[in-house]
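The chain contents come next:
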Amino acid sequence: MTGLFPEFRYGGDYNPEQWPEEVWDDDVRLMRGAAVTTATVGVFSWARLEPRPGEFDFGWLDRVLAKLDAGGIRVMMATATASPPAWLAVRYPETLPVDERGVRLGFGSRQQYSPNSSVYREHASRLVRAIAERYRGHPAIEAWHVNNELGCHVVHSYDPESVAAFRAWLETRYGTIDELNRAWGTAFWSQRYDSFAEVDAPRAMPSFTNPTHSLDWRRFGSWSLLELYLMERDILREVAPGLPITTNLMGFFPGADYWEWAPELDFISDDAYPDPTDPDAYVTLAAQRDLTRSLGGGRPWLLMEQSPSAVNWRDRNARKQPGQHRAHSFNAVARGADGILHFQWRQAAAGAEKFHAAMVPHGGEHTRIHREARELGAELAELSATDVLGAAVPARVAIVFDWESWWALAQQAVPTRIDYPAVVLEWYAALLRRGVTVDFTRAGADHAGYDIVIAPALQVASRADLDGLAAVADRGAQLVVGYQTGILDRDLHAYLGGYLGGEGSALQHALGVSVEEFAPLAAGQTAVLDDGTTVTDWQEVVQVADAEVVARFATGPVTGGPAITRHGSAWYVATQPDSARLDALIDQILVAAGVDASFPAPVSGVETVVRGSTRFVINHSPDARTVEVAGQQVDLDSFGVARLTA
Ligand code: GAL
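Residues numbered from 1 in each chain as written. Predicted model: local features only at pLDDT ≥ 70, side-chain atom pairs only at ≥ 80, totals over all residues. Heavy atoms only, no water.

Peer 1: Lay out the site of the ligand in plain terms, naming residues and giving numbers.
Peer 2: Residues in close proximity to the ligand include F44, R110, N148, E149, Y273, E305, W313, F343, E353 and H356, which together make up its full environment. Between an oxygen atom of the ligand and a side-chain N or O atom of H356, the distance comes to 2.7 Å. Relative to its unbound accessible area of 310 Å², the ligand is 93% covered by the protein chains. Taken together, the residues of the shell around the ligand break down into four nonpolar, two polar and four charged. (Near = heavy atom within 4 Å. Polar contact = N/O pair within 3.5 Å; in protein donor to acceptor, adjacent residues only side chain to side chain. Areas by Shrake-Rupley, 256 points an atom, 1.4 Å probe, with all protein chains shown as cover. Nonpolar A, V, L, I, M, F, W, Y, C, P; charged D, E, K, R; others polar.)

This is the structure in structure tokens:
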């Protein structure tokens, strides 16, 4: 596997337009002192680059790029389309997004455009073309950064142009209105449509929206944002070919199905902002890194944004403790990142993000944050000489993550409210506690390379997706299926005859069970299994055709019924075990699969992962810790990072 870059990338978003020119030289001096390799330039520069329609001012950016180049700093050149200028909103108010109640949003923050606005698209295209023409071949630029966090504030707009685009998208998807009526099940509640022209966005409604209508709106939203990316990417490829192109993703982001997006990015980049006060934040963070790597098919990726300390958008914005940011950064490197960038380089003095930390804080260079930034830069530069750079992160366990199941489980009318990412993360956390590395996979992916495949709450799946899971067990690998899997097809129609893909499905056969009835527990209610362990959230009536019952419900609505079953290497888990029960189950499954855990017993607050010939052991707690990892005792300081030979 080759690295993304010849050395680790280090740096951040650089917004020189917020500062007088005399500061720019100081920026380059400080960047060099901090071993910064990379500045992401121009992300929010549209109003400065095009102060009036069609009138471009590149002089200042020419000078910025020249200074960076002279200082040896490489540039991720942004396309500046993330926040259109005031003149676009004033002259073309139809570009402003409209919410589901018909309220048009105003100018004065950012991302105030409807993704489907043709006028926005036309002006954004012109800007991208102008930037590409101006800077193609510029020696400082090594990659293009399209827009910024597409959809982070606005995924959908309910304006007429968006509705027209939705109708066109539906027509492409379904071909005929009859097919839409079938897929959406519009015989229910008298929802039949006579033509595509009758279909609207699922705006504010008296009661539950048609589920497939809502799902298609989500699919359409993801597709519209991807179209924006592709529009810019294709201009860059045409005008300034030769450099890799990316846009910064946001991990477990509900607005876009990143499996659809990933193949279109030359490399995957991601933004992450863990809460420094949450002792479990490292779990979600590790999962986000593993998702990011998995989106790129295991290739190295770039951490495009993180904060060196506090953010400014939580109710309480704690700073990162000394060393904590280093731990977060190595969490990314260990899980496949070939670069660590930040939002942002110099802390803003004005504007909405002036209280957001930066690599050069308000206090200047003689501050803890800047000192830590310098130390991290030096450490990464040194790591470039090792085989960590560019190396793969091997994983023998896969967890299926499916945006459409997330979208369906988040709908209004559901068996019970299930937080899909949280359910997935329960399984992930149990593996993390044992130091077992996980890849995330798409439903229907080729799982041939994995010894364990886990599908929690994969509520929406095609028969082919479910057949693929059954095939995992058929070849003798461990298959673990969680409750609420295989309930609906991709039109959101129920599988009849025992769920799990329906009567006689390969998955029912592989598991040796079917599901007759759901019996969710009340919020906060617990129940007990016959082995004395605790479960929450879910029970159901499981019919066993050919499986061993590993555990039964001893209390709750389905007392006496099977809770965990096993048929050969296929496990079915009809409830939400508490973490101790999950740990025990994972232990059994690891043994059955012959997968070694790095920690001999579950560990919280410390993670370990192997990349290249380095084993990283990272302490995410403020206390010094000693842990046994792969047979060695490892002493870790507060937020300490150990690098061992794997
Ligand atoms: C990101 C965004 C950055 C900055 C950052 C603050 O979502 O891309 O521009 O606003 O959040 O945490």
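What follows continues from the structure just given.
Peer 1: Please provide a residue-by-residue account of the pattern of salt bridges, values included.
Peer 2: Counted under the stated rule, the structure contains 41 salt bridges. Measuring nitrogen to oxygen at the nearest pair gives 2.9 Å for the salt bridge that ties R335 to D290. Of this pair, R335 sits in the loop between α11 (324–334) and β9 (337–342) while D290 is found in helix α10 (residues 281–295), placing the two residues 45 residues apart along the sequence. Between R326 and E379 there is a salt bridge; the shortest N-O distance is 2.7 Å. Here E379 lies in helix α12 (residues 368–383) and R326 lies in helix α11, a separation of 53 residues in the sequence. Of the residues examined, R326 reaches a relative accessible area of 26% and is grouped as partly exposed. What makes E379 buried here is its relative accessible area of 15%. Connected via shared salt-bridge partners are R173, D216, R219, D402, E404, D465 and R490. (Salt bridge = Lys/Arg side-chain N within 4 Å of Asp/Glu carboxyl O. Helix = DSSP H or I, 4+ residues; strand = E, 2+ residues; numbered from the N terminus. Buried < 20%, exposed > 50% of the residue type's maximum accessible area, 1.4 Å probe, protein only.)

Peer 1: Describe in detail the sheet that holds strand β21 (residues 576–577), supporting the description with residues and values.
Peer 2: Strand order in this open sheet of three strands is β15-β16-β21, and the pairing throughout is antiparallel. Each edge of the open sheet is held by one strand with a lone partner, namely β15 (526–528) and β21. Taken together, the two bridges between strand β16 (residues 534–536) and β21 define a ladder with antiparallel strand orientation. Across the sheet, the residue bridging to T536 is Q576, located in β21. (Pairing = 2+ DSSP bridges.)

Peer 1: Could you give an account of unusual backbone geometry, naming the residues involved and the relevant values?
Peer 2: With omega at -10°, the peptide bond leading from F343 into Q344 counts as cis. Secondary-structure assignment places Q344 in the loop between β9 and α12. For E149, which is not glycine, the phi torsion reads 40° and is therefore positive. Looking at the element boundaries, E149 is found in the loop between β4 (141–145) and α6 (160–174). Relative accessible area serves as the criterion here: at 11%, E149 is assigned to the buried category. Of note in this structure, A457 is not a glycine but carries a positive phi near 50°. If you trace the backbone, A457 turns up in the loop between β12 (452–455) and α15 (463–474). With relative accessibility at 0%, the residue A457 sits in the buried group.

Peer 1: Can you explain helix α8 (residues 211–239)? Please cite residues and give values.
Peer 2: Helix length check: α8 (29 residues) gives 42 Å between terminal C-alpha atoms against 42 Å at 1.5 Å per residue, within 8%. For α8, a buried count of 21 out of 29 residues is recorded, marking the element as mostly surrounded by other parts of the structure. Among the residues of α8, the N-terminal cap falls to N210, whose side-chain oxygen and the backbone nitrogen of T212 are separated by 2.9 Å. (Expected span 1.5 Å × (residues − 1).)

Peer 1: Talk me through the nonpolar core; I want residue IDs and the actual numbers.
Peer 2: In terms of nonpolar packing, the biggest core is built from 171 residues, with L68, Y428, F440 and Y572 touching the most fellow members. It is helix α14 (residues 420–433) that provides the largest number of residues to this core, a total of 10 residues. (Core = buried A, V, L, I, M, F, W, Y, C linked by side-chain atoms within 4.5 Å.)

Peer 1: I'd like a rundown of the packing of α6 against α8, residues and numbers included.
Peer 2: Axis separation between α6 and α8 bottoms out at 10 Å; the angle between their running directions is 105°. The orientation of α6 with respect to α8, classified from their angle, is roughly perpendicular. Residues S162, A165, F166, W169, L170, R173 and Y174 of α6 pack against T212, H213, D216, W217, R219, F220 and W223 of α8. The residue inventory of the contact of α6 with α8, partitioned by class, reads eight nonpolar, three polar and three charged. (Axes fitted to C-alpha atoms, helices over the stretch in contact; angles between N-to-C directions. Parallel < 35°, antiparallel > 145°, perpendicular 65-115°, else oblique. Contact = heavy atoms within 4.5 Å.)

Peer 1: So what about the sheet that holds strand β11 (residues 438–441)? Which residues, and what values?
Peer 2: Taken in spatial order, the seven strands line up as β11-β10-β12-β13-β20-β19-β18 in an open sheet, and their pairing is mixed. On the outer flanks of this sheet lie β11 and β18 (548–552), each paired with one strand and no other. With strand direction ignored, the average angle separating the axes of adjacent strands in the sheet is 20°. Pairing analysis gives three bridges linking strand β10 (residues 397–400) to β12, with the strands arranged parallel. Residue A398 lies in a different strand from β12, and its bridge partner there is V453.

Peer 1: Describe the side chain of D465, with residues and values.
Peer 2: Relative to the helices and strands, D465 resides in helix α15. Of the residues examined, D465 reaches a relative accessible area of 10% and is grouped as buried. In terms of polar contacts, D465 uses its side chain to reach the backbone amide nitrogen of S462, at 2.9 Å. For D465, the residues in contact, after removing those within four places along its chain, are A443, G444 and R490.

Peer 1: Tell me about the environment of L127, and please be specific about residues and values.
Peer 2: With respect to the element layout, L127 can be found in helix α5 (residues 118–135). Given a relative accessible area of 0%, L127 falls into the buried group. Considered as a pair, L127 and F56 are 71 residues apart in the sequence and their alpha carbons are 8.7 Å apart. The contact partners of L127, leaving out residues within four places of it in the chain, are W46, L49, E50, F56, T79, A80 and T81.

Peer 1: Describe the packing of aromatic side chains, and please don't skip the residues or the numbers.
Peer 2: Following the criterion strictly, the structure yields 31 aromatic pairs and no others. Centre to centre, the rings of F166 and F220 are 5.2 Å apart; their planes meet at 50°, and the pair counts as tilted. Here F220 lies in helix α8 and F166 lies in helix α6, a separation of 54 residues in the sequence. Exposure remark for F220: the relative accessible area of 1% places this residue in the buried category. Taking the centre distance of 6.1 Å and the plane angle of 65° together, the rings of W169 and F220 count as edge-to-face. One end of the pair, W169, is in helix α6; the other, F220, is in helix α8, with 51 residues separating them in the sequence. Accessibility expressed as a relative area gives 11% for W169, which makes it buried. (Phe/Tyr/Trp six-rings, centres within 6.5 Å; stacked < 30°, edge-to-face > 60°.)

Peer 1: So what about the packing of α11 against α12? Which residues, and what values?
Peer 2: The interhelical angle for the contact between α11 and α12, taken along N-to-C directions, is 25°, at an axis separation of 11 Å. Judged on the interaxial angle alone, α12 and α11 are roughly parallel. As for the relative orientation of α11 and α12, their crossing is right-handed in sense. Residue-level inspection shows H325, R326, S329, F330 and V333 of α11 in contact with α12, the latter providing L376, E379, L380 and L383. Here the residues of the contact of α11 with α12 sort into five nonpolar, two polar and two charged. (Left-handed = near helix turned anticlockwise from the far one by under 90°.)

Peer 1: Describe the pairing of strand β3 (residues 74–78), listing the residues and the values that go with them.
Peer 2: Successive side chains on a regular strand alternate, one facing one side of the sheet and the next facing the other. Among the five residues that make up β3, four are buried, leaving the element largely enclosed by the rest of the structure. In terms of strand pairing, strand β2 (residues 38–41) meets β3 through four bridges, oriented parallel. Along β3, the bridge assignment pairs T38 with R74. One ladder, built from four bridges, connects β3 with β4; its direction is parallel. Across the sheet, the residue bridging to M76 is A143, located in β4.

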